[in-house]
Amino acid sequence: FTTGPGVVNVTTPRFNVTRSDPVHLRLSQVPLNCSAGELIRAERPHGTVESGSFGPWVQVQLLDAAFNLVHDARFIRRIGVRVQDHPLETGWLGIPLWSNLSGVQQVSSEDGVGTFSNLNLTRFGNYTLRFFLTDFPNITVDSPPFFVHTNKPTRLEIVATPTRPELSKHNFTSHPVTVRVADHW
C-alpha cells in the first residue's frame, strides 16, 4: 500500500479464495466456413495478424460458476466435439447422407483452453458442432452454424446401368444410365 497525505490504509478481514470446478464452456474462437475435407479454422481474434496457412483453430474455454477461466492444472479436462445429429441431404432411395467429422475429437485443456486443430468434415452443408466435457457430457456449448462448401468435381460414378445386357448396344432412353459427378471425398 502507498502512504502519504490523504491516503488511508484499510485492512480487510481475512478471506480465502477457493478453487471452483468448471461448470460452463465458451467458444473463444468459432468455426468459419470451409471446403469439404479442409481443416476447420476459426475466426481470427480482433487485432491479430495473419499467421500464414496455419490456424487459428477452434478453441473452447472452461469456465467456473462466475464465468471466470479455470486455469488450475487440477482441472485439466478432456473436451470432446461431435456434429449435431441432422441429415445434410437425402441420397439415393431417400437414405440420409451424413458427414464424417474427422481429426482429433477429444483434447485436453491447457490453462483452461482446449484447442481443436485438425477437425474436418467431408460433405457439404450447414453444420453446428457441439463441444462437451467428456466427464460431464451435460456441460456443452454449440458453435454458431457454419457452411462446408463442395469441392471441385474429380470423378464420375456410374450409379445405375441397364438391367439387361442386350441393351448395351442400343438406345438408352427406356433404360437410362445414371451417372453422378463427385469430388474426391
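Just so you know, these numbers come straight off a predicted model, no measurement behind them. (Residues numbered from 1 in each chain as written. Predicted model: local features only at pLDDT ≥ 70, side-chain atom pairs only at ≥ 80, totals over all residues. Heavy atoms only, no water.)

> Looking at this model, I keep getting lost on the overall build of the chain. Mind explaining?
A tally of helices and strands in the chain yields 0 helices and 16 strands. For the chain, the share of sequence-separated contacts (at least 6 apart) that also reach a separation of at least 24 residues comes to 62%. (Helix = DSSP H or I, 4+ residues; strand = E, 2+ residues; numbered from the N terminus. Contact = heavy atoms within 4.5 Å.)

> What am I meant to see in a nonpolar patch on the surface here?
On the surface, a nonpolar cluster with roughly 480 Å² of combined accessible area is contributed by L156, I158, V177, V179 and V181. Mapped onto the nonpolar patch, the elements with two or more residues apiece are β15 (155–160) and β16 (178–182). For V181, the location among the structural elements is in strand β16. (Patch = residues over 30% accessible without salt bridge, like charges linked within 9 Å, V, L, I, M, F, W, Y side chains within 5 Å. Areas by Shrake-Rupley, 256 points an atom, 1.4 Å probe, with all protein chains shown as cover. Salt bridge = Lys/Arg side-chain N within 4 Å of Asp/Glu carboxyl O.)

> Sorry if this is basic, but what is going on with the nonpolar core here?
Among soluble globular proteins, nonpolar side chains are generally buried collectively. Grouped together as the largest cluster of nonpolar side chains are 26 residues, with contacts concentrated most on I40, V60, I79, F116, L121, L129 and F131. The set of elements that each furnish at least two residues to this core consists of β1 (24–29), β3 (58–63), β4 (78–83), β12 (129–133), β13 (136–142) and β14 (146–149). Discounting chain neighbours no more than four positions away, the residues touching F131 are L25, L27, V58, V60, I79, G80, V81, F116, I139, T140, V141 and S143. (Core = buried A, V, L, I, M, F, W, Y, C linked by side-chain atoms within 4.5 Å. Buried < 20%, exposed > 50% of the residue type's maximum accessible area, 1.4 Å probe, protein only.)

> Would you explain the sheet that holds strand β8 (residues 106–108) in this entry?
Overall, antiparallel pairing links the 4 strands, which are arranged β8-β4-β12-β13 in an open sheet. Two strands in the sheet have a free side with no partner beyond their single neighbour: β8 and β13. Neighbour-to-neighbour, the strand axes of the sheet open up by a mean angle of 30 degrees, direction not taken into account. Taken together, the 5 bridges between β4 and β12 define a ladder with antiparallel strand orientation. Across the sheet, G80 pairs through a bridge with F132, a residue of β12. (Pairing = 2+ DSSP bridges. Axes fitted to C-alpha atoms, helices over the stretch in contact; angles between N-to-C directions.)

> Quick question: what am I supposed to make of the pattern of salt bridges here?
Oppositely charged side chains may form a pair once their charged atoms are brought near each other. On inspection of all chains with the given rule, the structure shows 1 salt bridge. Across the salt bridge formed by R130 and D142, the nearest N and O atoms sit 2.6 Å from each other. On the criterion of sequence distance, the pair formed by R130 in strand β12 and D142 in strand β13 is long-range, its members being 12 residues apart. In this structure R130 comes out as partly exposed when scored by relative accessible area, which is 22%.

> Looking at this structure, I do not really get the sheet that holds strand β2 (residues 34–35). What am I missing?
By way of backbone hydrogen bonds, the strands of a sheet pair with one another, either parallel or antiparallel. Reading across from one edge, β2-β14-β11 is the order of the 3 strands in this open sheet, with mixed pairing throughout. Since the sheet does not close on itself, it has two edges, and those belong to β2 and β11 (125–127), each with one partner. Alignment of β11 against β14, held across 3 bridges, turns out to be antiparallel. The residue of β14 that forms the bridge with G125 is V148.

> Teacher, can you tell me more about unusual backbone geometry here?
You will see that F67, though not glycine, has its phi angle at about 65 degrees, which is positive. Structurally, the position occupied by F67 is in the loop between β3 and β4. Although it is not a glycine, D111 adopts a positive phi angle of roughly 50 degrees. With respect to the element layout, D111 can be found in the loop between β8 and β9 (113–116). Judged by relative accessible area, D111 falls into the exposed class, the value being 55%.

> Just to check I follow, could you spell out the environment of K152 for this structure?
Mapped onto the fold, K152 is located in the loop between β14 and β15. By relative accessible area, which is 72% here, K152 ends up exposed. Between the alpha carbons of K152 and A182 there is a distance of 8.2 Å; along the sequence they are 30 residues apart.

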